[in-house]
Amino acid sequence: MRALAPLLALALSCTAALAQDSIAIKVDTSQPGPKIDRHIFGQFAEHLGTQIYGGIWVGPKSKIPNSRGIRKDVVAALKALHVPDVRWPGGCYADQYHWRDGVGKKRNARVNASWGNVLDPNTFGTHEFMDFVDQIGSEAYVSLNVGSGTVKEAADWVEYMTATTPTALARERAANGHKAPFKVQFVGLGNESWDCGGLMTPAFYTDQMKLYGRFVNNYNAAVPMQKIAVGPGDSGTDWTEAVMDTWKKRHGWSFDINGMSLHSYTVFGGWPPHMAATGFGGQDYANVLGETLKMEPLIRSQSAVMDKYDPEKKIALVVDEWGGWYAPMPGSNPAFLQQQNSMRDAVLAALNLDIFMRHADRVRMANIAQMVNVLQAMIFTDGPKLVLTPTYHVFRMYVPFQDSTFLPVAYDAGTYVEAGVTLPRVDVVAAKTKDGKIVVALTNIDPGRPVDLSVSLPGATAATARGQTLAAPKVDSVNSFAAPNAVAPKPVTARVTDGALTVTLAPASVTVLTLGG
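Source: prediction; values computed, not measured.

**Student:** Which parts of the structure should I look at to understand the environment of T493?
**Tutor:** Along the polypeptide, T493 turns up in strand β25 (residues 490–497). C-alpha of T493 to C-alpha of A465: the two residues are 28 residues apart in sequence and 5.8 Å apart in space. Once you skip the residues sitting within four places of it in the chain, T493 turns out to touch A465 and R466.

Written out as structure tokens, the structure reads:
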């Protein structure tokens, strides 16, 4: 019997390994949850590095194909993402931006003191931004200058943009080439007022919030405008308490807000960001993804405070800065925040989007940082060249989730362990699309093993399940101008039998499937 013991132990071990490599998932189609607002998939374009000048704006005289100075290749790529909104002009830059510098025939060049003390010619201003948003089929999210500006300056800017009657500012807008009012769907009442926006205390900021909330008004009744207050940038709740308490105690129509921001970057090991964006191994992969998963308890704790004052969830939690932040790209200006974008970042993006969707009752808007050439960008440009990043591909694969209805899922995620870091092995979300189909996103976090998934959908009928999967040879694989398709999605068809689909996920991969009849 002792001779058989090792064989028996080996057999049991193999059986356990096989069981661990198969995960059963149940999608509850009978209990639909909240709407997944398309604005969860928003973008962020700050005057930072080469994002605006070179990345979006090249000027009408450029040899790079453009429409009124805006790159045609960037517009085409972003249109495919169905970008719901673009936050501009910052970021930290917003609190030094004075809108009059960027309107009219004569623009006032200014030093960008937030990002490298470089000269900003202000050739990309209000009209150019609104044109850009219109070209990509998106909506405008304008950050107001609360730090170095005034209430009057902000009020004048919004009147300039939205006035429908021929006020002096509306006539000035018309003289500058746009007679019709602009559509301003969102305004931010400052940015990171607890730090680069003025090092304010919660009490000082809420006094400012009341003034900007009251006197900055939208005059285009056909396009309602939502006001988003500055929220916290860490796990503390004092700031959230102050904002929500001030909102709760407002009187009559004195002022109102529609959202409160939350900023949370994935920065492992503390500031300044120092992790490598490329050339990393398994431990760094696990450390970064473990850090990004802290977004879930952060949202949960901030939402709990908001629920005390706003149980009806009138105020949205707006995660308008998020993403991976690493050491600057070697040889780049460190103030330009340029970094590569790997398969790890694709997984990171999927995990965060999944978290936002799981909390869609409160999280109704989010903006990844950032759009072009900066931080966790969608797109890299270099002169006339353009390359799409792994993060771009995740956002494109997730388009079916926009304005869908969340469906609860139940499963045992299993575990993936690396150098003492324990993570869930898989992450799954499901929804019913606007046209009534079921869409499922499946992320295999484990970079070392594929996993077989069986997804049951009681109450739903489906004959096919088709979509795309994004995987790469290594977790630090990237797209470059020399190899633009090293990380690119591939079509995938899952087997559907007796109302359940089965699919095998590659290691460190993101898969999105839509079930059809």
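**Student:** Where do I start with the pattern of salt bridges in this structure?
**Tutor:** Where charged atoms of side chains with opposite charge meet at close range, the side chains can pair. What the rule picks out here adds up to 28 salt bridges. A salt bridge links K308 to E241, with the nearest nitrogen and oxygen atoms 2.9 Å apart. Taken together, the residues span a long stretch of sequence, with K308 in helix α9 (residues 295–309) and E241 in helix α7 (residues 238–248) at a distance of 67 residues. The exposure class of E241 is partly exposed, given its relative accessible area of 22%. Between E312 and K314 there is a salt bridge, with the nearest N and O atoms lying 3.4 Å from each other. Accessibility classification places E312 together with K314 in one group, the exposed group. One salt-bridge network, held together by shared partners, links D307, D310, K313, D361 and R362.

**Student:** What is the right way to look at the sheet that holds strand β3 (residues 43–44) in this model?
**Tutor:** In sheet architecture, strand pairing relies on hydrogen bonds along the backbone and comes in two forms, parallel and antiparallel. One open sheet holds the eight strands; their spatial order is β3-β6-β9-β10-β11-β12-β13-β14, and the pairing between them is parallel. Every interior strand has two partners, whereas the edge strands, β3 and β14 (363–368), have only one. Looking at chain direction, strand β11 (residues 226–229) and strand β12 (residues 259–266) are connected through two bridges and run parallel. Counterpart to A229 in the pairing with β12 is M260.

**Student:** Just to check I follow, could you spell out the packing of helix α4 (residues 151–162) against helix α5 (residues 168–175) for this structure?
**Tutor:** Contact geometry of α4 with α5 gives a least axis separation of 8 Å together with a crossing angle of 60 degrees. Taken as axis vectors, α4 and α5 run oblique relative to one another. Like other packed secondary-structure pairs, α4 and α5 cross with a definite hand, here right-handed. Here D156, E159, Y160, M161 and T162 of α4 come into contact with α5, specifically with L169, E172 and R173. Residues that form the contact of α4 with α5 fall into these classes: three nonpolar, one polar and four charged.

What counts and how
Residues numbered from 1 in each chain as written. Predicted model: local features only at pLDDT ≥ 70, side-chain atom pairs only at ≥ 80, totals over all residues. Heavy atoms only, no water. Helix = DSSP H or I, 4+ residues; strand = E, 2+ residues; numbered from the N terminus. Contact = heavy atoms within 4.5 Å. Salt bridge = Lys/Arg side-chain N within 4 Å of Asp/Glu carboxyl O. Buried < 20%, exposed > 50% of the residue type's maximum accessible area, 1.4 Å probe, protein only. Pairing = 2+ DSSP bridges. Axes fitted to C-alpha atoms, helices over the stretch in contact; angles between N-to-C directions. Parallel < 35°, antiparallel > 145°, perpendicular 65-115°, else oblique. Left-handed = near helix turned anticlockwise from the far one by under 90°. Nonpolar A, V, L, I, M, F, W, Y, C, P; charged D, E, K, R; others polar.

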